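# Structural description and commentary
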Amino acid sequence: MDRTIGTPGPSPHEPHGDSFASRLNWLRAGVLGANDGIVSTAGLVVGVAAVTTDTSTLLAAGIAGLTAGAISMAVGEYVSVSTQRDSERALLATERRELRDDPDYELVELTEIYRAKGLTPQTARAVAEELTAHDALTAHAEAELGLNPTELTNPWWAAGASAVAFVLGALLPLLAIVLLPTSVRVPVTFAAVLTALALTGSVSARLGGSSVGRAVVRVVVGGALAMAVTYGIGELAGVAGI
Ligand SMILES: [Zn+2]
């Protein structure tokens, strides 16, 4: 997947067919979900660790944060994917109606799309006719709307996948903070979290075909900031005796 700037060739971002593109999207969503789980749980447990060394308190806080975060991710993902699927279904219903009510106009429309892509009028017409005969709705959905009618994302799957990704990410700081000896738990958790973020940052940059170095710096600085801020707040709360 390594690319040098200026080298011709397919970029990792280039979709090779619908299912490849959608798998890539899932993978990126998973990595981002894991990232969220790492950063928010790390911030939480490091902040609590600034106030108390009691492991069961840390465990309870971490589990509560993990659960709330996973549910919030799942609900957010469910709502956003459902909304998208509703609008995709509405577009497909319109297309289906147009195909039924005015098939001649629709054939001209499809022919024009292929002409605009550079085919000769005769070839464009032949392509449009053959695709329409084979599966008119799929042909129009793909050409006009960029949708595959049989591959709409299931909101339940999307919700479950992002919750699982979040939990997997959250487990790292949670286990680190409760399993490590008290004297080193904060600095070692800090280091483990930043290492994991560097990894997820580089994976998601590669999947998206963007600069790995910049992505890693962004996510590591963001994670360090989250932990430093919550640790500082925890310290202040401890000093103030809250
Ligand atoms: Zn159409």
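Everything that follows concerns the structure shown earlier in this document.
First, a word on what this report is: a plain description of the structure on this page. (Residues numbered from 1 in each chain as written. Predicted model: local features only at pLDDT ≥ 70, side-chain atom pairs only at ≥ 80, totals over all residues. Heavy atoms only, no water.)

## A closer look at helix α3 (residues 103-116)
- For α3, with 14 residues, the first-to-last C-alpha span of 20 Å sits near the 20 Å given by 1.5 Å per residue.
- Three or more residues of α3 are buried, namely Glu106, Leu107, Leu110, Thr111, Ile113 and Tyr114. All buried residues of α3 fall inside an arc of 155° around its axis, so they share one side. Exposed side of α3, more than 90 degrees from the buried face: Asp104 and Ala116 are the residues found there.
- Buried residues along α3 sit against α2 (55-101) and α4 (121-145).
- Where α3 ends, the next residue or the one after it, glycine 118, has phi of about 115°, a positive value. (Helix = DSSP H or I, 4+ residues; strand = E, 2+ residues; numbered from the N terminus. Expected span 1.5 Å × (residues − 1). Buried < 20%, exposed > 50% of the residue type's maximum accessible area, 1.4 Å probe, protein only. Arc of directions from axis to C-beta. Contact = heavy atoms within 4.5 Å.)

## Topic: the pattern of salt bridges
- The tally for this structure, following the rule as stated, stands at three salt bridges.
- Where arginine 115 meets glutamate 112, a salt bridge forms, and the shortest distance between an N and an O atom there is 3.8 Å. Remark: glutamate 112 and arginine 115 occur in helix α3; sequence separation between them is three residues, near one turn of the helix.
- In this structure, glutamate 129 engages arginine 125 in a salt bridge whose closest nitrogen and oxygen atoms are separated by 3.1 Å. Residue glutamate 129 and its partner arginine 125 are both found in helix α4; the two are separated by four residues, about one turn of the helix.
- In this structure glutamate 129 comes out as partly exposed when scored by relative accessible area, which is 38%.
- Taking relative accessible area as the criterion, arginine 125 reaches 35% and is therefore assigned partly exposed. (Salt bridge = Lys/Arg side-chain N within 4 Å of Asp/Glu carboxyl O.)

## A look at the environment of leucine 207
- Structurally, leucine 207 can be placed in helix α6 (residues 185-208).
- Judged by relative accessible area, which is 7%, leucine 207 ranks as buried.
- Taking the C-alpha atoms as reference points, leucine 207 and glycine 234, separated by 27 residues in sequence, lie 36 Å from one another.

## Quick notes on the coordination of the zinc ion
- Within the protein, Glu95 (OE), Glu106 (OE), Glu109 (OE), His140 (ND1) and Glu144 (OE) serve as the donor atoms for the zinc ion, at 1.8 to 2.5 Å.
- All donors to the zinc ion come from one chain, and their sequence spacing reads E-x10-E-x2-E-x30-H-x3-E. Of this pair, glutamate 95 sits in helix α2 while glutamate 144 is found in helix α4, placing the two residues 49 residues apart along the sequence.
- Assessed through its relative accessible area of 3%, glutamate 95 is described here as buried.
- On the accessibility criterion, glutamate 144 (26% relative accessible area) is partly exposed. (Donors = N, O, S within 2.8 Å, 3.2 Å for Na, K, Ca; no water.)

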